[in-house]
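Each chain is listed here by its residues.
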Protein chains: 2
Amino acid sequence: MRADAQRNRERLIEVAHEVFKERGLDAPLDEVARRAGVGPGTLYRHFPTREALHEAIMATWIEEVAGQVEKAMATEGGCREKLLAWFEEYVALLTRHQGAAAKITASLGCQDSPLRTKCQTYADANESVLAEMADNGVLREGVDNLDVCRLLGGVATMADHSSLAPEDVRPMLDVIANGVLKA
Amino acid sequence: MRADAQRNRERLIEVAHEVFKERGLDAPLDEVARRAGVGPGTLYRHFPTREALHEAIMATWIEEVAGQVEKAMATEGGCREKLLAWFEEYVALLTRHQGAAAKITASLGCQDSPLRTKCQTYADANESVLAEMADNGVLREGVDNLDVCRLLGGVATMADHSSLAPEDVRPMLDVIANGVLKA
DNA sequence: ACCTGAACACCGTTCAAGT
DNA sequence: ACCTGAACACCGTTCAAGT
């Protein structure tokens with residue numbers, strides 16, 4: 001890759017990060033190209049689809065997921081507190097950008113989405129937490145990881161669309177925790 | 001209202017219903033006007049915003065909500081079966097059109113949305129079911145109606161985005177039921 | 001009072017011409 | 001090999017001219 005191409009690519013990711021944070025994942029791509037100081041054709045050369053650009057951006061926060069699992073599991077208290085700390089983090093990680101939660105969770109099931117490999121990281125992280133709960137004997141029988149991921153994705157999407165504060169999200173996570181843990 | 005205006009209005013709602021069912025609530029409004037045989041300006045005169053058109057369409061299925069509550073409460077079995085039958089119906093009512101679940105649930109909280117009065121019907125219906133559960137002493141303390149509505153809206157939105165079949169939705173509703181009912 | 005449809009604006013996407 | 005920016009397409013929205 002030529003040096004100027006490399007620079008343009010990095011600059012585009014950086015600028016897209018800003019623009020998407022400000023105006024959501026559906027923000028005009030023109031704006032991204034303009035702020036990065038390149039023609040629209042250059043953006044399309046590097047990222048043929050909007051999703052390709054999303055994917056490139058999410059790569060940066062995906063790296064944090066594993067660390068957040070550890071942090072949540074180190075929470076003071078019992079299994080319930082640890083689980084809820086993780087749920088809150090999961091929702092926070094999904095709602096970093098407007099529109100992200102719905103898109104990531106939607107690509108959980110289907111094999112062909114460009115986001116799939118990325119969102120698999122979320123699913124794996126959640127699975128590891130559920131496995132720990134099972135080891136401690138507090139997980140209900142028959143609770144499926146994919147279902148929990150979708151429930152959390154649904155909560156994150158609602159939080160996103162209604163701009164909910166963490167304290168408004170918490171009661172929903174409580175219900176899910178009740179539903180996932182043994183009585 | 002003039003007779004031709006009346007006819008146009010009805011025809012627009014009818015056609016919009018078809019178009020939105022086929023292509024989702026974000027379908028081009030041009031298409032609606034074209035199929036209805038009117039100019040785009042006429043559509044805008046009757047429905048100044050896309051949401052106004054959504055609202056007009058939803059008015060037709062809103063009428064069914066009360067009936068579905070009764071039907072669900074008549075389900076064979078205990079409280080849990082009744083509750084789950086209602087949850088399934090709630091999700092079905094929200095996913096009649098692509099994109100509807102997210103929009104309706106998003107307008108649950110905010111006072112100024114044109115959809116608010118309509119989606120209030122959903123919230124009221126759910127509240128009546130929860131109240132019945134409480135009367136039977138099976139509802140957990142501190143379960144809030146709005147939170148349950150949002151959880152169900154989240155499930156419906158995920159079902160919508162991933163085109164989930166009822167059997168894939170059911171396990172999520174089981175978790176919510178577990179979380180809402182006493183152990 | 002209502003309708004039409006041309007006109008404008010905005011944005012996504014492509015591609016011929018440049019370096 | 002990569003970039004530019006004009007050009008086209010599509011769709012939302014408005015409004016002057018009609019009936």
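One structure accompanies this document, and this report is about it. (Residues numbered from 1 in each chain as written. Chains lettered and ligands numbered in written order. Predicted model: local features only at pLDDT ≥ 70, side-chain atom pairs only at ≥ 80, totals over all residues. Heavy atoms only, no water.)

**Description of the protein's contact with DNA strand C**
Part 1 of the argument: The full set close to DNA strand C counts 20 residues, and A:Tyr44, A:Arg50, B:Arg2, B:Asn8 and B:Thr42 are the nearest of them.
Part 2 of the argument: Within 4 Å of the protein, the contacting atoms of DNA strand C are 69% sugar and phosphate, with bases supplying the remainder.
Part 3 of the argument: Contact distances for DNA strand C include 2.9 Å between a phosphate oxygen and a side-chain N or O atom of A:Arg50.
Part 4 of the argument: Going through the elements one at a time, α2 (29–36) and α3 (40–46) of chain A together with α1 (3–23) and α3 (40–46) of chain B are the ones with two or more residues in the surface near DNA strand C.
Part 5 of the argument: At five residues, α3(B) tops the list of elements feeding residues into the surface near DNA strand C.
Part 6 of the argument: Across the surface near DNA strand C, the residue classes break down as eight nonpolar, seven polar and five charged. (Near = heavy atom within 4 Å. Polar contact = N/O pair within 3.5 Å; in protein donor to acceptor, adjacent residues only side chain to side chain. Helix = DSSP H or I, 4+ residues; strand = E, 2+ residues; numbered from the N terminus. Nonpolar A, V, L, I, M, F, W, Y, C, P; charged D, E, K, R; others polar.)

**Observations concerning the relation of the copies chain B and chain A**
Part 1 of the argument: Once chain B is rotated about the relating axis by 180 degrees and shifted along it by 0.0 Å, it coincides with chain A to within an RMSD of 0.1 Å. On the angle and the small slide along the axis, the relation comes out as a two-fold axis.
Part 2 of the argument: Interface overlap between copies is the fraction of interface residues in one copy that are interface residues in the other; for chain B against chain A it reaches 100%, indicating a shared surface. (Least-squares fit on C-alpha atoms with pLDDT ≥ 70 in both. Contact = heavy atoms within 4.5 Å.)

**Description of the protein's contact with DNA strand D**
Part 1 of the argument: Near DNA strand D lie 20 residues; those nearest to it are A:Arg2, A:Asn8, A:Thr42, B:Tyr44 and B:Arg50.
Part 2 of the argument: Each atom of DNA strand D within 4 Å of the protein was assigned to sugar, phosphate or base; sugar and phosphate come to 69%.
Part 3 of the argument: One of the side-chain N or O atoms of B:Tyr44 is found 2.5 Å from a phosphate oxygen in DNA strand D.
Part 4 of the argument: Counting residues per element, the ones that place at least two in the surface near DNA strand D are α1 (3–23) and α3 of chain A together with α2 (29–36) and α3 of chain B.
Part 5 of the argument: Element by element, the count of residues in the surface near DNA strand D is highest for α3(A), at five residues.
Part 6 of the argument: Of the residues in the surface near DNA strand D, the class split is eight nonpolar, seven polar and five charged.

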